[in-house]
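One letter stands for each residue in the lines below.
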Amino acid sequence: MSLQLIFVVETNKTCKSDWIYIKDTIDYFFEYDRTAIKLTPVYMDGKGKYKNKEKEISKNIAAYKAGGKGRQTKVIYCFDCDDYNTKQEDAFFLEKVRQYCAEQKYDFVWFCKDIERVYTGKKVNAVDKKNNYGETTKKIQTQEMLMFPGFFLCPKI
């Protein structure tokens, strides 16, 4: 059996920062057969555009299935939770996308408050996100904790 994991991330194709963090984490913490597991990024270009990616997701699923029998795909939407605890509109947005993912049978992952803070422990300005990659890579390589889908931290295995 082969599996494609599609990660739908907030960033855009130019910056790719969210995907870089996720991919580096997977590569560091997990050994996997790259001929059996395909990791595919889909870039939202802003979290408000999450519904606009259905065509691209469907295209990726169809192309992967066309490669052979028994190929399955899991779609994982990744969001920053921003100020969900102090801004009602951020909490409302998270609930709306969680419900959307449930309806589509997609997994839903969120980073508190954003993916950069998960790895660096500090807020990173939008213009510095791609430039912050080196610091993030060091953090991943020394981090003993990893966020899994389900919103919890697990010790490194």
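Our structure is the block above this text.
Read on for an overview of the structure. This one's a predicted model, so the numbers in the text were calculated from it and none came from an experiment.

Examining the packing of aromatic side chains
A ring pair, where both rings are aromatic, is described by two values, the distance of the centres and the angle of the planes. In this structure the tally under the stated criterion is ten aromatic pairs. Considering the side-chain rings of Phe79 and Phe108, the 5.9 Å spacing of their centres and the 40° angle between planes classify their relative orientation as tilted. With a gap of 29 residues between them, Phe79 in strand E3 (residues 71-80) and Phe108 in strand E4 (residues 107-111) connect regions that are remote in the sequence. Taken individually, Phe79 and Phe108 each receive the classification buried, so the pair is uniform in this respect. Ring geometry for Tyr100 and Tyr106: centres 6.4 Å apart, planes at 70°, overall edge-to-face. By relative accessible area, Tyr100 is classed as buried at 7%. Its guanidinium or amino end placed over the ring of Tyr64, Arg71 lies 4.5 Å from that ring's centre, counting from NZ or CZ.

Some thoughts on the sheet that holds E3
Strand order in the open sheet made by the four strands is E2-E1-E3-E4, with parallel pairing throughout. A single partner strand is all that each edge strand has here, and the edge strands are strand E2 (37-43) and E4. Taking the axes of each pair of neighbouring strands and ignoring which way they run, one obtains an average angle of 25° across the sheet.

Observations regarding unusual backbone geometry
Phi at Asp45 is positive, roughly 60°, even though this residue is not glycine. Tracing the backbone shows Asp45 in the loop between E2 and helix H2 (54-65). Classification of Asp45 by relative accessible area gives partly exposed; the value is 41%. Non-glycine residue Lys105 carries a positive phi angle of around 65°. Summarising the element assignment, Lys105 is placed in the loop between helix H3 (88-104) and E4. Since its relative accessible area comes to 67%, Lys105 is described here as exposed.

Looking at the pattern of salt bridges
Under the counting rule described, the total for this entry stands at six salt bridges. Of the charged contacts in the structure, one is a salt bridge between Lys74 and Asp107, with a shortest N-O distance of 3.6 Å. With Lys74 in strand E3 and Asp107 in strand E4, this pair connects stretches of sequence that are 33 residues apart. Members of the salt-bridge network, linked through shared partners, are Lys23, Asp27 and Arg34.

Section: the nonpolar core
Nonpolar side chains in soluble globular proteins generally cluster together in the buried interior. Of all hydrophobic cores here, the largest spans 17 residues; its most connected members are Val8, Tyr50, Tyr77 and Phe79. Looking at this core, the elements that each hand over two or more residues are strand E1 (2-9), E3, H3 and E4. A total of five residues in this core trace back to one element, the largest contributor, which is H3. Discounting chain neighbours no more than four positions away, the residues touching Val8 are Val42, Met44, Lys53, Ile57, Val75, Ile76, Tyr77 and Cys78. Formed by 13 residues, the second largest nonpolar core is a distinct cluster that contains Leu5, Ile22, Tyr32 and Tyr43.

So, how was this worked out
- Residues numbered from 1 in each chain as written.
- Predicted model: local features only at pLDDT ≥ 70, side-chain atom pairs only at ≥ 80, totals over all residues.
- Heavy atoms only, no water.
- Phe/Tyr/Trp six-rings, centres within 6.5 Å; stacked < 30°, edge-to-face > 60°.
- Helix = DSSP H or I, 4+ residues; strand = E, 2+ residues; numbered from the N terminus.
- Buried < 20%, exposed > 50% of the residue type's maximum accessible area, 1.4 Å probe, protein only.
- Lys NZ or Arg CZ within 6 Å of the ring centre and 35° of its normal.
- Pairing = 2+ DSSP bridges.
- Axes fitted to C-alpha atoms, helices over the stretch in contact; angles between N-to-C directions.
- Salt bridge = Lys/Arg side-chain N within 4 Å of Asp/Glu carboxyl O.
- Core = buried A, V, L, I, M, F, W, Y, C linked by side-chain atoms within 4.5 Å.
- Contact = heavy atoms within 4.5 Å.

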